[in-house]
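Geometric and topological summary
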Amino acid sequence: MNNDNPVYTPIRDDEEELAKAEAGAESLEVERTDRWYPKFHIASNGGWINDPNGLCRYKGRWHVYYQLFPYGTQWGACHWGHVSSSDMVTWRRDPIAMAPTLEQEKDGVFSGSAVIDDEGGLKFYYTGHRWVNGKDDSDGQWQVQMLAEAADDDATRLDKKGMVIDCPRDKVDSHFRDPKVWKQDGVWTMIHGVSTSEKKGQIWLYTSENMIDWKFSNVLYESPDPDVFMLECPDFFPLKDKDGNEKWVICFSAQGARPNGYMNRNKDNAGYMIGTWTPGEAFKPETEFRLWDCGANYYAPQSFEADGRRIMYGWMSPFAGNAPMQSDGWCGQMTLPREVFLGDDGDVHTVPVKEIEKLRINTFEHVPRTIETNEEALVDEDKEAAEIELDIDLKHSTSERAGLKVHATLDGSYTYVAFDQQAGTVVIDRAAAARGDRGYRAARLSDDELQADELKLHVFVDRGSVEVYVNDGHYVLSSYSYPSDGPRAIKLTSECGVLAINRLAVHDIKSIGLE
Ligand code: FRU
């Protein structure tokens, strides 16, 4: 397709569809139960959400859009929900930004990204989705890349422009989506994920002079894993290492990979590789594929650059069949916004952005102490939203496994955030959970980390989730956790040996304003 005009084919009325969608989400909100609804994570007021979309800072506001099905708590014809903030601390719920109204997107406005153009306007590239047979996946999908523009300074109204890239359906096994756009050395550049007709997962790269007419340039990356058939939500950005050298980080959410040890335990898995890149060529990886997050519920992250920082949100995907929150009128939340950087160890780290500290309302510094063999100590009787900093003295700890029980309720259920000395891992273990998925997820520490004097755990407990940052974000684990009724205690525990603590601080966390 060579065009200076996108293909614009409306089939439904925008205002009507948006009003209907708003009413759909509101009717779920009215009935919503908040026992697990987040206080300080972004979620929809009602309905299902998945991937973060269109992340940006525009005219002084931070914007998070997200995949939304406003008519129920399962995935369905996707819309774009929207929240925004002036400080990344307190958020405002904005009107639903896009509903499927054009021919090419009639079964869903799928994931996409935002970019500021040369005139300072905000553009959105996203995927238009159609089922080939008009109803389901049995005959595949027809996916194309679309363009929209912010119509006002608050980016609450998006003007759809239409299709800018059609799908070469003879070369593609129907998956063709999730555009990410940036300017590289003066040239507009787009990547998106593809499943080729041989079912290989690839990332394709295009360039454009006018942001409308896009020319295919090259395959940026192809997964060497024969089981991986699609790379969803690709992202690609440079970071400086400690010596100031530029490295490129390629990110994707791989579909099809098989579990192997601690790797790829989720249905689909989001990760990255570090390497180098020369524009016009393929990405050259220097590392293996590593997970962004080792928890049970993490997928489809997207990053953006603002204030000289690389910031990333992920979706806490429920993955397994029925998620308990689905009966409460909502389903799905974002992770905290995470700053992405290369650590002195040469690996990618992700830590909560510094603004998150402004959510603290009370801090309790506990006296450093030791938990004796097989003992348990109450840290707090009841916390629904807390941030916990726990520095473990590795040289004086002998326990096989020790850590925090959070969401510990009177019926004996809890979620366990532990350092497993035998396995050399940090785990979120949900074997004692009252409901939801069981099992555990683990982050395997490096030899250096296991030999170090201290292990740092930074734990965020929301009403229905736990996020654990290990050693300044070298690893993160995010999992849902659905406590039972009644007080939600936090306890320290030590199994078979002592747990020596250098520092324990517990902060109360306030709401981000979306409840
Ligand atoms: C990832 C994903 C994307 C797609 C969107 C549809 O979770 O499958 O590839 O654009 O969700 O909701």
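Since we're looking at a predicted model, the values are computed, not measured.

Together, Asp344, Asp345, Asp447 and Asp448 give the surface a local cluster of negative charge. Within the secondary structure, Asp447 is located in helix α2 (residues 447-451).

For the rest of this paragraph, the subject is the nonpolar core. In terms of nonpolar packing, the biggest core is built from 33 residues, with Val468 and Leu492 touching the most fellow members. Ignoring any residue separated from it by four or fewer positions in sequence, one finds Val468 in contact with Val417, Val426, Ile428, Leu457, His458, Val459, Tyr475, Val476 and Leu477. Within the second largest apolar cluster, 32 residues are counted, among which are Trp62, Trp91, Val353 and Leu514.

The next point concerns the UniProt feature "domain: Glycosyl hydrolase family 32 C-terminal" (unreviewed entry) in the protein. Per the UniProt record, "domain: Glycosyl hydrolase family 32 C-terminal" (unreviewed entry) is found at residues 355-507. Note that residues 355-507 is 3% helix and 54% strand, and that its end C-alpha atoms are spaced 15 Å apart.

Before going further, it helps to examine the pairing of strand β2 (residues 61-69). β2 sits mainly inside the fold: nine of its nine residues count as buried. Burial along β2 is two-sided: Arg61, His63, Tyr65, Gln67 and Phe69 and Trp62, Val64, Tyr66 and Leu68, pointing in opposite directions, are all buried. What sits between the antiparallel neighbours strand β1 (residues 47-58) and β2 is a turn of two residues, in which Lys59 has the positive phi angle 45°. As judged from the seven bridges shared by β2 and strand β3 (residues 79-85), these two strands associate in the antiparallel manner. Bridging across to β3, Tyr66 finds its partner in Gly81.

So, on to the site of the ligand. Looking at the ligand, the residues that line it are Asn50, Asp51, Gln67, Trp75, Cys78, Phe110, Ser111, Arg177, Asp178, Glu232, Tyr299 and Trp315. Measuring from an oxygen atom of the ligand, one finds a side-chain N or O atom of Trp75 at 3.0 Å. Between the ligand and Arg177, the relevant distance is 2.7 Å, taken from an oxygen atom to a side-chain nitrogen or oxygen of the residue. Here the ligand, which alone exposes 310 Å², has 91% of that area covered by the protein.

The next subject is the sheet that holds strand β30 (residues 425-429). The antiparallel open sheet is built from six strands, whose spatial order is β26-β35-β28-β29-β30-β31. At either end of the open sheet lies a strand with only one pairing partner, and these are β26 (376-380) and β31 (440-444). Put simply, the sheet's adjacent strands are angled 20° from each other on average, direction ignored. Pairing analysis gives five bridges linking strand β29 (residues 415-420) to β30, with the strands arranged antiparallel. Looking at the pairing, Phe419 lines up with Val426 of β30.

Along any regular strand, the residues point their side chains to alternate faces of the sheet. Among the five residues that make up strand β23 (residues 348-352), four are buried, leaving the element largely enclosed by the rest of the structure. Bridging between strand β22 (residues 338-342) and β23 involves five bridges; their strand directions are antiparallel. Bridged to Val340 within β23 is Thr350. Linkage of β22 to β23, two consecutive antiparallel strands, is achieved through a turn of five residues, within which Gly346 is found at a positive phi near 85°.

Another point: the confidence of the model for the protein. Mean pLDDT over the protein: 97, with 99% of residues reaching 70 or higher. Complex prediction metrics read pTM 0.98 and ipTM 0.99.

Take unusual backbone geometry next. If you check the backbone angles, Ala155 has positive phi at about 50° while not being a glycine. Position of Ala155 among the secondary structure elements: in the loop between β7 (141-150) and β8 (158-165). Look at Ser174: it is not a glycine, yet its phi comes out positive at around 70°. Tracing the sequence through the fold places Ser174 in strand β9 (residues 172-184). Judged by relative accessible area, which is 13%, Ser174 ranks as buried.

Across its 17 residues, helix α1 (residues 14-30) extends 24 Å between first and last C-alpha, which sits within 8% of the 24 Å expected from 1.5 Å per residue. Those residues of α1 that sit buried are Glu17, Leu18, Ala21, Gly24, Ala25 and Leu28. Looking straight down α1, one finds its buried side chains confined to an arc of 120°; they lie on one side. Among the exposed residues of α1, those oriented more than 90 degrees off its buried face are Glu16 and Val30. In the core, the buried residues of α1 are packed alongside β1, β3 and β4 (92-98). The N-terminus of α1 is capped by Asp13, whose side-chain oxygen sits 3.3 Å from the backbone nitrogen of Glu15.

We now examine the sheet that holds strand β11 (residues 201-208). Read from one edge to the other, the open sheet built from four strands follows the order β9-β10-β11-β12, with strand pairing classed as antiparallel. Edge positions in the sheet fall to β9 and β12 (214-222), since each of these pairs with one other strand and no more. This sheet shows a mean twist of 25° between the axes of neighbouring strands, independent of strand direction. As paired elements, β9 and strand β10 (residues 187-196) share eight bridges and run antiparallel to each other. By the bridge assignment, Lys180 is partnered in β10 with Ile191.

Under the counting rule described, the total for this entry stands at 31 aromatic pairs. Relative to Trp80, the ring of Tyr65 lies with its centre 5.7 Å away and its plane at 50°, an arrangement referred to as tilted. Pair noted here: Tyr65 is in strand β2 and Trp80 is in strand β3, with a separation of 15 residues, a long-range link. The pair Tyr65 / Trp80 is uniform in exposure class, with both members buried. Over the face of the ring belonging to Tyr37 we find Arg32, whose NZ or CZ atom lies 3.6 Å from the ring centre. A cation sits over an aromatic face here: Arg169 above Trp142, 4.2 Å from the ring centre.

Cut-off values and rules
- Residues numbered from 1 in each chain as written.
- Predicted model: local features only at pLDDT ≥ 70, side-chain atom pairs only at ≥ 80, totals over all residues.
- Heavy atoms only, no water.
- Patch = residues over 30% accessible without salt bridge, like charges linked within 9 Å, V, L, I, M, F, W, Y side chains within 5 Å.
- Areas by Shrake-Rupley, 256 points an atom, 1.4 Å probe, with all protein chains shown as cover.
- Salt bridge = Lys/Arg side-chain N within 4 Å of Asp/Glu carboxyl O.
- Lys, Arg positive; Asp, Glu negative; His and termini not counted.
- Charge placed at Lys NZ, Arg CZ, Asp CG, Glu CD.
- Helix = DSSP H or I, 4+ residues; strand = E, 2+ residues; numbered from the N terminus.
- Core = buried A, V, L, I, M, F, W, Y, C linked by side-chain atoms within 4.5 Å.
- Buried < 20%, exposed > 50% of the residue type's maximum accessible area, 1.4 Å probe, protein only.
- Contact = heavy atoms within 4.5 Å.
- UniProt positions renumbered as here; feature names shortened; annotations may be inferred.
- Pairing = 2+ DSSP bridges.
- Near = heavy atom within 4 Å.
- Polar contact = N/O pair within 3.5 Å; in protein donor to acceptor, adjacent residues only side chain to side chain.
- Axes fitted to C-alpha atoms, helices over the stretch in contact; angles between N-to-C directions.
- pLDDT = per-residue confidence, 0-100.
- Expected span 1.5 Å × (residues − 1).
- Arc of directions from axis to C-beta.
- Phe/Tyr/Trp six-rings, centres within 6.5 Å; stacked < 30°, edge-to-face > 60°.
- Lys NZ or Arg CZ within 6 Å of the ring centre and 35° of its normal.

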